[in-house]
Amino acid sequence: MAKRKNSAKEIEKRKKLKQEQQDKLLSAGVFNKKQSLETDQDDEHAWENEEQDYELRPRNVAKAVVEGLPIKTSDGKIERVVREVVAEVEEEEEVEPEDDKAEIDSQTQIEDEEEDEDSHLSPRERLNKIKEEIADLASKLIEDPEENIACLTRLRKMSESKNVITSQLSIMSLIPVFKSLAPSYKIRPLTDTEKREKVSKDIMKLRNFEQSLLSNYVQYIDNLSKLAKVSYSNSLNNSKISPQQIKLGSIASKAACELCLSSLRHFNHRAELFSIIIRRLNRKPSHEDDLQIFTKCLRGLETLLKDDEENGDISFDITKLLIRSIKDKKFRVDESVLNIFLSLKILEDYNPYESENQASQKPKLKKKDRVHISKKERKARKERKEIEEELQKAQHSITVEEREKYQSQILKDLLTLYLEILKSGSSTTPNDATLLMASVLEGLSKFGQMANFDLLGDFLEVLREIMTDIIDDHREEGGQYDGKQIRTILLCIVTSFSLVLNHQSNGRLPMTIDLSKFISNLYLILADLSLDCDVEFSHKSLRLMDPLSNSNEKPSVNVSTKSELLLRCLDFIFFRSRNGSSFRANSFIKRLYMVLLHTPEKTSLAGLKFVGKLLSRYDENLKYLWNTDESIVEGSYILGIEQPHIDVELERCNSGAATLWENVLLENHYCPVVRDGARSLMKNSKPNDRR
């Protein structure tokens, strides 16, 4: 080993000496054959191995090569054939951007040539020519789409034209084209192995058609989203936006609505299509045309949520995009946008506790009870499962587990949004979330019964704060509660009772919750409720608007009137919970009779029927209100127990000393049905004859 190391060092030294000698000869200009021969002879004696000359030859840089087929020469020798590939790859890489530029240049050249050709035509003739060309392209696509797929690319490029009329007509004509061509399922992209496979001409033709259809559709949706950003409200302070651009923006929004309501809701890139509509709902416009598009987008989303009752995937996508948009805008949206969630049909048959109970009750098999499966059978079962999953995706079918997953995620996101709006709206500083309180309470009254126990305390606390804020403001300002305040308080009471009772019925409430604050607040607003003119009206009632009112507020989506909400509150207190008692029934019956003197006939009749139910439940404890002969009570009934800065206490009114003299007035009511109801209550309240 030592000898080899020494010989290697000597060889390196000799190389350096030879290189230095050659450099000196070159610099002096004296490099003749004799000297070179002498040095060569010396070197030949010094070198021990003839292969050392190979070390002095210059090395070639390794290049990427491809080995070809060998060649047999005339001598019978087989030579190796090697080709370089580096230059070809670089050329291909450089050609690709040039092709893109060439396409853009050719497109602009075609447009310029067409303008030059049509320069001698009149505007009407140009319009007719454009219409004929678009109609011809569309008819060819519908007749044989696979053969004439190039017409789709041409039509899509016309929709991106700088000419407003051409762009407008092309956008509208592409709507029925995509409706007829696109399937009602998602086109799966090809994998690398599928691209390398050799397939028949028909399959290759079909693949090319699908890829071309998908690429044109994506570019069409991108064009719509770019055009739909322009509206009348955006162009008020921007002089660069022309009326033609505004018109194109409205057409693009209408086109997106049309595509959403068709079978394209199940096609690829539907999230981008939904986002075009949702972007239009960021702010309620004041302009007439924008307002029409705003309402059309609202109705479109409501229709999508109502139709998606079986699957839930469309509802999940819309809910996720809409909640993200509302949070990004920091709740600066119109109340009608939040009311879209009330159209969710997917949550009507959802019971989160039933699915949890089924999962917990499912027995686990022990190891000894399990059936032995061989490795081959496991592999076959796994393959069958993969095939079934692919078939389900192709048939656009959703399993029960996936549907429940969508339902739970939608409910979780929706209740979280409601809680965030309630918390920000109940703060001392006024903000945009306060305008959405009524809509949130409408949603909670519908979906709040499905809420988790962890959110129950937060919801009840926020609802109590909303009620107390309204009552405190009213005490400072004085006067009468308006219809919106009364409706908000009633919704808070209904929502709180529905939340608590749902958890009690499912056995998930380990404690009793005191709701006396809600009961006393209901007693407090009964008098003002009777003076509300719209107590029996909702926004779906056919009636004339008040010409003297300047308020242009959007009515709530919940069609329940204030009288219906009042009866629901009373039903929760006395029949569906344990908060009812004979003393509370006395107080509410006396106050209800005072209210029924001023309410319309339907509300009066419903109130008398509810009093009859209370009378049948508490029986002898309430009959002395109609007959004072058998009642022995000290003191007198106190009517006005509502004092400023003091909470309402029903015990202070001394309802045992009250007398229902209002029943005599109701017996003379103008409505005969109300008269009969008051007389029947008087007859039923008489004590039984004792013989």
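Look above for the structure.
Below you will find a few notes about this structure. (Residues numbered from 1 in each chain as written. Predicted model: local features only at pLDDT ≥ 70, side-chain atom pairs only at ≥ 80, totals over all residues. Heavy atoms only, no water.)

Points about the overall build of the protein
Here is step 1 of the chain: Counting its secondary structure elements, the protein contains 25 helices and four strands.
Here is step 2 of the chain: In the protein, buried positions account for 37% of the 691 residues.
Here is step 3 of the chain: Here the protein has roughly 43,400 Å² of accessible surface; of this, 50% comes from carbon and sulfur atoms. (Helix = DSSP H or I, 4+ residues; strand = E, 2+ residues; numbered from the N terminus. Buried < 20%, exposed > 50% of the residue type's maximum accessible area, 1.4 Å probe, protein only. Areas by Shrake-Rupley, 256 points an atom, 1.4 Å probe, with all protein chains shown as cover.)

So, the packing of helix α5 (residues 149-159) against helix α6 (residues 164-181)
Here is step 1 of the chain: Relative orientation of the contacting elements α5 and α6 amounts to 140°, with a least axis distance of 7 Å. The angle between α5 and α6 falls in the class oblique. The handedness of the crossing between α5 and α6 comes out as left-handed. On the side of α5, the interface is formed by Leu-152, Leu-155, Arg-156, Met-158 and Ser-159, while α6 contributes Thr-166, Ser-167, Ser-170, Ile-171, Ser-173, Leu-174, Val-177 and Phe-178.
Here is step 2 of the chain: In the contact of α5 with α6, the residues fall into seven nonpolar, five polar and one charged. (Axes fitted to C-alpha atoms, helices over the stretch in contact; angles between N-to-C directions. Parallel < 35°, antiparallel > 145°, perpendicular 65-115°, else oblique. Left-handed = near helix turned anticlockwise from the far one by under 90°. Contact = heavy atoms within 4.5 Å. Nonpolar A, V, L, I, M, F, W, Y, C, P; charged D, E, K, R; others polar.)

Section: the packing of helix α4 (residues 123-143) against α6
Here is step 1 of the chain: One way to put it is that α4 packs onto α6 with a least axis distance of 10 Å and a crossing angle of 15°. One finds that α4 runs roughly parallel with respect to α6. Relative to α6, the crossing made by α4 is right-handed. In this structure, α4 contributes Leu-127, Ile-130, Lys-131, Ile-134, Ala-138, Leu-141 and Ile-142 to the contact, and α6 contributes Ile-165, Thr-166, Leu-169, Ser-170, Ser-173, Val-177, Ser-180 and Leu-181.
Here is step 2 of the chain: A per-class count over the contact of α4 with α6 returns 10 nonpolar, four polar and one charged.

So, the packing of aromatic side chains
Between two aromatic rings, the relevant description is the distance of the centres plus the angle of the planes.
Here is step 1 of the chain: Considering all chains together, one arrives at 10 aromatic pairs under this definition.
Here is step 2 of the chain: Ring centres of Phe-316 and Tyr-406 lie 5.4 Å apart, and the angle between their planes is 40°; on these two criteria the pair is classed as tilted. Here Phe-316, found in helix α12 (residues 313-328), pairs with Tyr-406, found in helix α16 (residues 400-425); they are 90 residues apart in sequence, far enough to count as distant.
Here is step 3 of the chain: Overall, Phe-316 belongs to the buried group, its relative accessible area being 18%. (Phe/Tyr/Trp six-rings, centres within 6.5 Å; stacked < 30°, edge-to-face > 60°.)

A closer look at the pattern of salt bridges
Here is step 1 of the chain: Throughout the structure, instances matching the rule amount to 18 salt bridges.
Here is step 2 of the chain: Between Arg-156 and Glu-160 there is a salt bridge whose closest N-O contact spans 3.3 Å.
Here is step 3 of the chain: Counted as one network, the salt bridges with shared partners bring together Lys-179, Glu-258 and Lys-296. (Salt bridge = Lys/Arg side-chain N within 4 Å of Asp/Glu carboxyl O.)

Observations concerning a negative patch on the surface
Here is step 1 of the chain: A cluster of acidic side chains, namely Glu-383, Glu-386, Glu-388, Glu-389, Glu-390, Glu-401, Glu-402 and Glu-404, defines a negative patch on the protein surface.
Here is step 2 of the chain: Of all the secondary-structure elements, those providing two or more residues to the negative patch are α15 (375-395) and α16.
Here is step 3 of the chain: For the negative patch, the leading source of residues is α15, giving five residues.
Here is step 4 of the chain: In this fold, Glu-388 is placed in helix α15.
Here is step 5 of the chain: For Glu-388, a relative accessible area of 48% gives the class partly exposed. (Patch = residues over 30% accessible without salt bridge, like charges linked within 9 Å, V, L, I, M, F, W, Y side chains within 5 Å. Lys, Arg positive; Asp, Glu negative; His and termini not counted. Charge placed at Lys NZ, Arg CZ, Asp CG, Glu CD.)

Some words on the state of the cysteines
Note on terminology: disulfide describes a covalent bond linking the sulfur atoms of two cysteines.
Here is step 1 of the chain: Inspection of the entire model under this criterion finds zero disulfides.
Here is step 2 of the chain: Sulfur of Cys-260: no disulfide; nearest cysteine sulfur belongs to Cys-257 and is 6.6 Å away. (Disulfide = S-S within 2.5 Å.)

Points about α12
Here is step 1 of the chain: In this model α12 runs 23 Å from its N-terminal to its C-terminal C-alpha over 16 residues, within 8% of the 22 Å that 1.5 Å per residue would give.
Here is step 2 of the chain: With 12 of 16 residues buried, α12 lies mostly within the body of the structure.
Here is step 3 of the chain: Within α12, burial applies to Asp-313, Ile-314, Ser-315, Phe-316, Asp-317, Ile-318, Thr-319, Leu-321, Leu-322, Ile-323, Ser-325 and Ile-326.
Here is step 4 of the chain: Buried positions along α12 lie against α10 (270-279), α11 (288-307), α13 (335-338) and α16.
Here is step 5 of the chain: One or two positions beyond α12, positive phi appears at Lys-330, with a value near 55°. (Expected span 1.5 Å × (residues − 1).)

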